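# A look at the structure
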Amino acid sequence: MKLNRPQTLEWFSLQLAIAVGGAVAAIINPWLGLLLGGASLPLNFFLLQQGWRHRDTPETTKPLADAVAVAGLLMFFLLYFQNGLVVALMALLYGAMLAMAVQLNNHRKFFLAQTVSFVFVLAGAAEAKTGGYLLVLAAYCIVAAFALTELWLDRGDDNELAGPPLRQRSVIALVTMVLAAGIYLLMPRLTALNIGGHSASAGDFYHNESWLTDADGDLPDDGKGGYDDLKQITDLSGYGTETQESYRYTGFNETFHISSPQRSGTLPMDTVIARMKAPRGAYLKVRSFDTFDGLSWQTSDENIERKFSADRKGEVTVNETLTGNFLHSISIEETIPAWLPLAGEPVTLWVPSSVIALDQFDQPLLPGVLLEGTTYTADSLLELRDQRPVARGPAPRKADLQLPTGFDPAIRRLAQQVARGDSVYERAVALEHHLRTSYRYSFESALVSQDRTPLSEFLFETHEGHCEYFASAMTVMLRSVGVPARLVTGFSATVRNPLTGYFDIRAIDGHAWTEAWIDGRWVTFEPTAYYALPRPQESRITAEQIREYAESIQHRTMASGDGDFSMSAILSHLWMVVYSSVILALSWVKWVIVTLWWLWGVFAVAAVIGLSTRRKWWPWWLAWRSHQRIAGCPVASAEDTLHFCFYHLQRMARVRASARERGESFAQWLVRIEGQVTISESMRALAAQSEQVFYHGEAVAPADIRRLAAEAASDLWLSLRQSG
């Protein structure tokens, strides 16, 4: 069926621009998406208009369609080598869409074009890292509702048939939005898609010629263990100024004091530092420490001599003896030191670098600090023991049993008293449980202690502290009873954003925990009660995930104790309050779903019955609605009033009679259906009035038409009921 309403294509040109711009914004850059979305709008409109003007002779636009298709193919090859497969495929698909737009002249092609636009929306949703993409989805749904409404009107459009006015079309758009929101909240939320394969990108490609030479085995060991290189790639002093905010967590430094572990630098605590795309939450390890002097941690031997060169795709295998089972991709949002935050034991990496190194704890790092915009992917072996990550790693050394000079014997006595069990693992779990239940987490202690609170005071007097106190206490207590242990710093990536599918890693998620050598493995322990080891997602209902996400944000914001009262911090906190309140309100849908499940079951059964008997009751429903609408017909011009009344009288007659054909006048239609329904004198009089208005140009009062149409509708409804 050919298209007859140009408004359909006008709405679709805007719909396609939103879909393309949103996909580019999510996959590449928001500003580029806004630019390309705006630029594509006139291009879409122009090519769709070409198809409209030549809808009866599509062969005349074939040369233009071929040229557009060739341009799309060229863009594919150009972008494939420059930006990767996903971006190239999007360009190819858009070129094919525009080529089809030049010859888009019927309903079948229009529905195909709708499918293509939806592919762009799905691609953007798969790669969107922020909830802002919901604005794209909302705009797309609204415009698509108007485009489909115009297509629906196109099926019955003629000179005397008027469809629903703009107010009704707006209602259709609103209903579409409500249904889309309901489906979104009810449907299970899957993990972020990985259509990009193993992504690795950065604003600046990481390269170090001396590292690359060392990886080839041509550079002799300088005897310093790479320590000079290490200082260069962990020093963030050149990033961030008094006017430019920057992220700092001293737990990533060479040495850090447990009493004053700066967590966020000049950034608010709720700032997103990185985002992780993964099937489940995880602890991302950054650095390991084995030497403690009672107040600060450091490593006994900094060594990054082991270098590995990457292939042209950035792929590098760091452990050929293992097989990965946890594929995760991480996007850096704020500059951090060179260590790659990773889960489990890395096996294969895809990095935007020609070379990587491993430190003495087998933790990978790049030849430069991780800049904002860096993305990398890792396939790791993530083994679990009671939901605790375990790793082989290098065997413990002497430093993993080291105790600080002047070690308080009361700490050993407490460890011996608490760590009870038949095995080393059970004793470690008992010690962890004691710390989680007998001490209170307080981030404020990190802001007020100022190097005045030793570990003994935390354990025996204050009984509260931040995660560095808990992790240090457990590590030292394990060592005091002969269990090798070390302190690990990194990120707790356990909060999935249900709007994007990514795990948001915020400044407050910079964290410290303990690893203990038990049964030939390094086992992770979480002694801090505020944090919890990652577990599989309990609910996949989006509304429930939204509630959990909002509560976790509020919980972490309250726990941060951020004392910064700058304008940016105040605005940030205000935004988080508003944001959390909105999504908490949305989570009430969960209550309706869970507590009124029986009512939804009744609705579902009724819907099935209704759909199966739709042919029997739907025409009567439409006839009744049209009867009501004619009774309340708005008084406009005579022509508009006749259009409105004819439309609804025809819909009433459809219960028994055949539809009015295109180009058939109302009087001719009455003659043809006589015998199928009872034709009243008021209907004949209304037909005569239409002849006066449309064919003789005579003036008729709209109020008279309305009165006559109301009588005709009542007569028709009565006859239908008597014959039904």
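Scroll up to find the structure this text is about.
### Notes on helix H11 (residues 424-438)
Over its 15 residues, H11 runs 21 Å from end to end, which matches the ideal 21 Å to within 8%, given 1.5 Å per residue. Of all the positions in H11, only Tyr425, Ala428, Leu431, Glu432, His434 and Leu435 are classed as buried.

### Thoughts on the packing of helix H10 (residues 409-418) against helix H13 (residues 455-462)
Where H10 contacts H13, the axes come no closer than 10 Å and their chain directions differ by 55°. When the axes of H10 and H13 are compared, the pair comes out oblique. Between H10 and H13 lies a crossing of left-handed hand. For the pair H10 and H13, the contacting residues are Ala410, Ile411 and Leu414 in the first and Ser456, Leu459 and Phe460 in the second. Of the residues contributing to the contact of H10 with H13, the split by class is five nonpolar, one polar and no charged.

### Considering helix H19 (residues 614-631)
For H19, with 18 residues, the first-to-last C-alpha span of 25 Å sits near the 26 Å given by 1.5 Å per residue. Looking only at H19, the buried set comprises Leu622, Ala623, Ser626, His627, Arg629 and Ile630. Considered in projection along H19, the buried side chains sweep an arc of 165° and stay on one side of the axis. Exposed residues on H19 whose side chains face more than 90 degrees from its buried face are Lys616 and Ala631.

### Thoughts on the nonpolar core
Membership of the largest hydrophobic core comes to 89 residues, with the highest contact counts inside it found for Tyr247, Met276, Leu284, Leu349, Leu459 and Phe491. Among the elements that make up this core, the one with the highest residue count is helix H14 (residues 467-480) (nine residues). If you look at the next biggest cluster of nonpolar residues, it comprises 37 residues, including Val20, Leu47, Leu48 and Ala147.

### Focus on the pairing of strand S18 (residues 503-506)
Residues Phe503 and Ile505 of S18 are buried on one face, and the alternating residues Asp504 and Arg506, pointing to the opposite face, are buried as well. Of the pairings in the sheet, the one linking strand S2 (residues 272-277) to S18 comprises four bridges and is antiparallel in character. Note that in S18 the partner of Arg275 across the bridge is Asp504.

### A few points about the pairing of strand S14 (residues 388-391)
Residues Arg388 and Val390 line one face of S14 and the alternating positions Pro389 and Ala391 line the opposite face, and both faces are buried. Taken together, the three bridges between strand S13 (residues 383-385) and S14 define a ladder with antiparallel strand orientation. Within the sheet, the bridge partner assigned to Leu384 lies in S14 and is Pro389. Counted along the chain from S13 to the antiparallel partner S14, the turn is two residues long, and its residue Asp386 has a positive phi close to 55°. Pairing geometry for S14 and strand S20 (residues 521-525), over two bridges, is antiparallel. Paired with Val390 across the two strands is Val523, which belongs to S20.

### Focus on the sheet that holds strand S11 (residues 364-365)
With antiparallel pairing, the three strands of this open sheet are ordered in space as S6-S10-S11. The outermost strands of the open sheet, each flanked by one partner alone, are strand S6 (306-309) and S11. Across four bridges, S6 lies against strand S10 (residues 355-358) in antiparallel orientation. From the neighbouring strand, Phe308 faces S10, where its bridge partner is Ile356.

### Examining the sheet that holds strand S9 (residues 345-350)
Strand order across the open sheet formed by six strands is S7-S9-S12-S8-S2-S18, with antiparallel pairing between neighbours. The open sheet has two edge strands, strand S7 (315-317) and S18, and neither has a second partner. Taking each pair of neighbouring strands and ignoring which way they run, the sheet shows an average axis angle of 30°.

### Some points on a nonpolar patch on the surface
A cluster of nonpolar side chains, contributed by Ile28, Leu32, Leu35 and Leu36, occupies part of the molecular surface with about 330 Å² of accessible area. Tracing the chain through its elements places Leu35 in helix H2 (residues 30-53). For Leu35, a relative accessible area of 57% translates into the label exposed.

### Describing the side chain of His328
Looking at the secondary structure, you find His328 in strand S8 (residues 326-332). When its relative accessible area of 1% is taken as the criterion, His328 is described as buried. In terms of polar contacts, His328 uses its side chain to reach the backbone carbonyl oxygen of Phe326, at 3.2 Å. Within the structure, the side chain of His328 is placed 3.3 Å from the backbone nitrogen of Ala343, a separation counted as a polar contact.

Scoring rules and cut-offs
- Residues numbered from 1 in each chain as written.
- Predicted model: local features only at pLDDT ≥ 70, side-chain atom pairs only at ≥ 80, totals over all residues.
- Heavy atoms only, no water.
- Helix = DSSP H or I, 4+ residues; strand = E, 2+ residues; numbered from the N terminus.
- Expected span 1.5 Å × (residues − 1).
- Buried < 20%, exposed > 50% of the residue type's maximum accessible area, 1.4 Å probe, protein only.
- Axes fitted to C-alpha atoms, helices over the stretch in contact; angles between N-to-C directions.
- Parallel < 35°, antiparallel > 145°, perpendicular 65-115°, else oblique.
- Left-handed = near helix turned anticlockwise from the far one by under 90°.
- Contact = heavy atoms within 4.5 Å.
- Nonpolar A, V, L, I, M, F, W, Y, C, P; charged D, E, K, R; others polar.
- Arc of directions from axis to C-beta.
- Core = buried A, V, L, I, M, F, W, Y, C linked by side-chain atoms within 4.5 Å.
- Pairing = 2+ DSSP bridges.
- Patch = residues over 30% accessible without salt bridge, like charges linked within 9 Å, V, L, I, M, F, W, Y side chains within 5 Å.
- Areas by Shrake-Rupley, 256 points an atom, 1.4 Å probe, with all protein chains shown as cover.
- Salt bridge = Lys/Arg side-chain N within 4 Å of Asp/Glu carboxyl O.
- Polar contact = N/O pair within 3.5 Å; in protein donor to acceptor, adjacent residues only side chain to side chain.

Remember that the coordinates give geometry; whether it matters functionally is a separate question.
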